[in-house]
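Structure assessment
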Amino acid sequence: MQISSRIINFLLAFLPSFSIFIASGAVLWGSHWFLIGRRPELGNERKFPLQILMLALTIVSILAIVIALPISESFRNKIIGLIGILLSGIIAFSSTNVIANLMAGVLLRITKPFRTGDFIRVGDFFGRVSERGLFDTEIQSESRELIALPNTYLVNNPVSTIRNSGAIVSVTLSLGYDVHHLQIESLLIQAAEESGLKDPFVNILELGNFSITYRISGLLTEVKWLITAQSSLFRVVLDTLHGQGIEIMSPSFMNQRRIGDDQTIIPTFVQATPVKETVDAEEIVFDKAEQAEQREGEQQQLIEDIINLETALKGTQDEKKDQVRENLEKKRERLKVVEQIEVVSNMETSIAEPNASTDVKKDMKKPHS
């Protein structure tokens, strides 16, 4: 009897701790399902704060179980101190790169040096941001490659971001002293205007031993066409200068042929039909980054519209509430479609049927209310 009573007392002493353990497990499981599990369409950007919240809930649950244990106060403090030491050791010694990249990802989200769809240049890498992850940032290069850059690399190196409000497109070239700089400047400005750039200006960068170095620059308002704009400026500069009989040659140009003093090295101008542009280079090169930027922008706009409609529904008269509810339901349905598109685009190794993926992506181009 005495042994049985001791067992019963022992079980009764641990009953609160066991109850808290069961309750904490149920709360964590339910929280994970409610925040993340039931919403597989969430991308890395939207999962990140929820994952941080789940980590905080897990730590709080562990501390609650320790506090509920039927042990002395001093021993409880030792256990809590041991937990703190273990957490510090994990951060300090194990998976240093993982923790560093995670912290760098948090810092990038706080400082916001760029967003999805922006052109960035860091080190030897240049491209458009196609995805921002917890541990790395993916950019799409000019050769359509997807490059994953660790977040610590972006934090430890200067990042140049091209602003959405416009970018400066430039061409640098060297011309001889035999042509007056005023003539060159006017022709270069004319070429920049014909290529579609705004507010063009010319800088003289260097007076070399054999040539003058010029740089023509202009403002491109649609930064997504950056590659096409640079190529167009090069093309128009060539046509403009050659059309005025101005040679564009390297200062070290050497030709072993004997030529007359009145002969110039300019290609023969041919009046030909311009080559028809069948596709835009940017649509092929930065396809994933473009889709990610459109998707993120539409998600933010839909979320704002839904919040505004929910607020307006509370103060709307009864006869207009049906119309507001209908519009609100359309916005919610569209948001689900956009989030589904995000899931399909991120499931690169999925075995889903290609037709379903194609139909969802095509829906991005459909107009929506």
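In this text the structure is predicted, and so the values were computed from the model without any measurement. (Residues numbered from 1 in each chain as written. Predicted model: local features only at pLDDT ≥ 70, side-chain atom pairs only at ≥ 80, totals over all residues. Heavy atoms only, no water.)

What about the overall build of the chain?
- Tallying secondary structure elements over the chain gives 11 helices and eight strands in all.
- When burial is assessed residue by residue, the chain has 31% of its 369 residues classed as buried.
- Summarising the internal contacts of the chain: among those between residues at least 6 apart in sequence, 63% fall at separations of at least 24.
- A total accessible area of about 24,100 Å² is found for the chain, and carbon and sulfur atoms account for 59% of it. (Helix = DSSP H or I, 4+ residues; strand = E, 2+ residues; numbered from the N terminus. Buried < 20%, exposed > 50% of the residue type's maximum accessible area, 1.4 Å probe, protein only. Contact = heavy atoms within 4.5 Å. Areas by Shrake-Rupley, 256 points an atom, 1.4 Å probe, with all protein chains shown as cover.)

Focus on the sheet that holds strand β6 (residues 167–175)
- In space, the three strands of this open sheet follow the order β6-β8-β7, with antiparallel pairing throughout. The strands lining the two open edges of the sheet, one partner per strand, are β6 and β7 (198–207). Strand-to-strand, the axes of this sheet are offset by a mean angle of 20°, without reference to chain direction.
- Together, β6, β7 and β8 (212–220) form the strand contacts of helix α6 (residues 181–194), whose direction differs from that of β7 by roughly 140°.
- Helix-sheet contacts for helix α7 (residues 226–243) involve β6 and β8, and the interaxial angle to β6 is about 35°. (Pairing = 2+ DSSP bridges. Axes fitted to C-alpha atoms, helices over the stretch in contact; angles between N-to-C directions.)

A look at the packing of α6 against α7
- Closest axis-to-axis distance for the α6/α7 pair is 9 Å, and the angle between their directions is 135°. When the interaxial angle is binned, α6 and α7 end up oblique. Helix-helix and strand crossings are classified by hand; for α6 and α7 the assignment is right-handed. When α6 is examined against α7, the residues Leu187, Leu188, Ala191, Ala192 and Glu194 are found in contact with a partner set consisting of Leu233, Val236, Val237, Thr240 and Leu241.
- Classifying every residue of the contact of α6 with α7 by side-chain character gives eight nonpolar, one polar and one charged. (Parallel < 35°, antiparallel > 145°, perpendicular 65-115°, else oblique. Left-handed = near helix turned anticlockwise from the far one by under 90°. Nonpolar A, V, L, I, M, F, W, Y, C, P; charged D, E, K, R; others polar.)

As for the sheet that holds strand β2 (residues 125–132)
- Strand order in this open sheet of five strands is β4-β3-β2-β1-β5, and the pairing throughout is antiparallel. The open sheet terminates on both sides in strands that have one partner only, identified here as β4 (146–150) and β5 (159–161). For this sheet, the mean angle separating the axes of adjacent strands, direction not counted, is 40°.
- Pairing of strand β1 (residues 119–122) with β2 involves four bridges; the strand directions are antiparallel. Across the sheet, the residue bridging to Phe119 is Arg128, located in β2.

Regarding a nonpolar patch on the surface
- Taken together, the side chains of Leu55, Ile59, Leu87 and Ile90 present a nonpolar region at the surface, about 330 Å² in accessible area.
- Every element with two or more residues in the nonpolar patch is listed here: α2 (44–68) and α3 (73–92).
- Residue placement: Ile90 occurs in helix α3.
- In this structure Ile90 comes out as partly exposed when scored by relative accessible area, which is 45%. (Patch = residues over 30% accessible without salt bridge, like charges linked within 9 Å, V, L, I, M, F, W, Y side chains within 5 Å. Salt bridge = Lys/Arg side-chain N within 4 Å of Asp/Glu carboxyl O.)

Structural notes on helix α4 (residues 96–111)
- Its 16 residues give α4 an end-to-end C-alpha distance of 22 Å, which sits within 8% of 22 Å, the value for a rise of 1.5 Å per residue.
- Immediately beyond the C-terminal end of α4, within one or two residues, lies Lys112, with a positive phi of roughly 50°. (Expected span 1.5 Å × (residues − 1).)

So, the environment of Gln300
- You can see Gln300 is positioned in helix α9 (residues 287–314).
- Relative accessible area serves as the criterion here: at 42%, Gln300 is assigned to the partly exposed category.
- Taking the C-alpha atoms as reference, Gln300 lies 9.5 Å from Leu335; in sequence the two are 35 residues apart.

Details of the packing of aromatic side chains
- Overall, the coordinates contain two aromatic pairs when judged by the stated rule.
- Centroid distance Phe125 to Tyr153: 6.0 Å. Interplanar angle 80°. Geometry classified as edge-to-face. Taken together, the residues Phe125 in strand β2 and Tyr153 in helix α5 (residues 151–156) connect sequence positions 28 residues apart.
- Phe125 gets classed as partly exposed once you look at its relative accessible area, which sits at 29%.
- A residue is classified by how much of its surface remains accessible, and Tyr153, at 26% relative accessible area, is partly exposed. (Phe/Tyr/Trp six-rings, centres within 6.5 Å; stacked < 30°, edge-to-face > 60°.)

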